[in-house]
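Breakdown of the fold
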Amino acid sequence: MELNKIYNEDCMQGMRKLDNNSIQFIFSDPPYNLIGLDVFMDSRTYIGMARQRAKEYLRLVDYNGTVVICGRPPILAEIVLLMQEEGFIFTDWITWWKVDSITAKKDGYSKNYEVFAVFRRSPFSKFKHLPVPSKSGNYNANVNIGSIWKHCKISSQHKEGTKHPTQKPIKFLRRFIETFSDESDLILDPFMGSGTTAVACKELRRKYVGFEINPEYVNMANKRLETITEIQEKLKY
Ligand SMILES: C[S@@+](CC[C@H](N)C(=O)[O-])C[C@H]1O[C@@H](n2cnc3c(N)ncnc32)[C@H](O)[C@@H]1O
């Protein structure tokens, strides 16, 4: 299969064409199927599909690889359980605190967060802490940044925003990719959307392969990729 490409294809069909143990890191950001957000099928069907994907991730990801799945409870909590049943080691529940996302909700709290659940394929999965900028402007190596990550939402008005409604911050993708992989490793994103994962891979000299069912989003991602060059200077995580 040709690499460094986003295929306009259903991800389950596409993933079957990839070799066993060929992937270092999978970033999986499916439609969430949450009430008030994007319910499109009954939850048992959704969980059944998530389990089929989990089996495929287990076949594809290398023994020292990692999978990150995005979502929110209660669906994501159930996916954590099924990923463990399928053989993954659950390690982290990272909360994206959407600092600008408070809405006027009269009868409950604003859902100003999303979650990234992290799964290792084995106890030997790659992991490295990244240098982060200190207040003085220098970089501190090996800082543990913890599991609450602050970032504004990525609207179409944001400087990196596209017209995709659920775009993830490029900063988070860079962080995941640098933490869980090395240069030239192969990264998979089954739900590419606006192409954030592919952009981070291109910047960071990783190979990538991705799937996206909506042809408009594939075009959008490819246009975004045309403007990207490899990052030469130190990144801000
Ligand atoms: C939550 S969005 C991903 C957003 C992406 N992480 C970004 O930063 O732009 C999920 C994407 O999955 C796509 N999608 C839904 N079902 C799919 C499938 N079966 N195979 C591939 N893509 C699919 C949707 O069109 C949507 O663009």
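Scoring rules and cut-offs
Residues numbered from 1 in each chain as written. Predicted model: local features only at pLDDT ≥ 70, side-chain atom pairs only at ≥ 80, totals over all residues. Heavy atoms only, no water. Helix = DSSP H or I, 4+ residues; strand = E, 2+ residues; numbered from the N terminus. Buried < 20%, exposed > 50% of the residue type's maximum accessible area, 1.4 Å probe, protein only. Expected span 1.5 Å × (residues − 1). Arc of directions from axis to C-beta. Contact = heavy atoms within 4.5 Å. Polar contact = N/O pair within 3.5 Å; in protein donor to acceptor, adjacent residues only side chain to side chain. Salt bridge = Lys/Arg side-chain N within 4 Å of Asp/Glu carboxyl O.

1. With respect to unusual backbone geometry
Of the consecutive residues P73 and P74, the connecting peptide bond is found in the cis state with omega at 5 degrees. For P74, the position within the fold is in the loop between β3 (61-71) and α3 (75-86). Positive phi is not limited to glycine here, since N4 has a value of about 55 degrees. A residue is classified by how much of its surface remains accessible, and N4, at 42% relative accessible area, is partly exposed. Its identity is not glycine, yet N21 carries a phi of approximately 55 degrees, on the positive side. One can find N21 in the loop between α1 (11-15) and β2 (23-28).

2. Quick look at helix α6 (residues 215-226)
The end-to-end C-alpha distance of α6 is 17 Å, a good match for the 16 Å that 12 residues give at a rise of 1.5 Å each. When we look at burial in α6, the residues that qualify are Y217, V218, M220, A221, R224 and L225. Relative to the axis of α6, the buried residues are bounded by an arc of 160 degrees and lie together on one face. Structural note: α6 exposes E216, K223 and E226 on the side pointing more than 90 degrees away from its buried face. Buried residues along α6 sit against β1 (5-7), α5 (196-203) and β10 (207-211). The backbone nitrogen of E216 has a side-chain oxygen 2.9 Å away, supplied by the residue at the start of α6, namely N214.

3. What about the pattern of salt bridges?
Counted according to the given criterion, the structure contains 17 salt bridges. Close ionic contact of E178 with R206 constitutes a salt bridge, the shortest N to O distance being 3.5 Å. Within this pair, whereas E178 is found in helix α4 (residues 170-180), its partner R206 is found in the loop between α5 and β10, the two being separated by 28 residues in sequence. We note that E178, like R206, is buried. One continuous salt-bridge network, built from bridges that share partners, spans D29, K98, E114 and K168.

Keep in mind that these numbers describe shape and distance, not what the molecule does.
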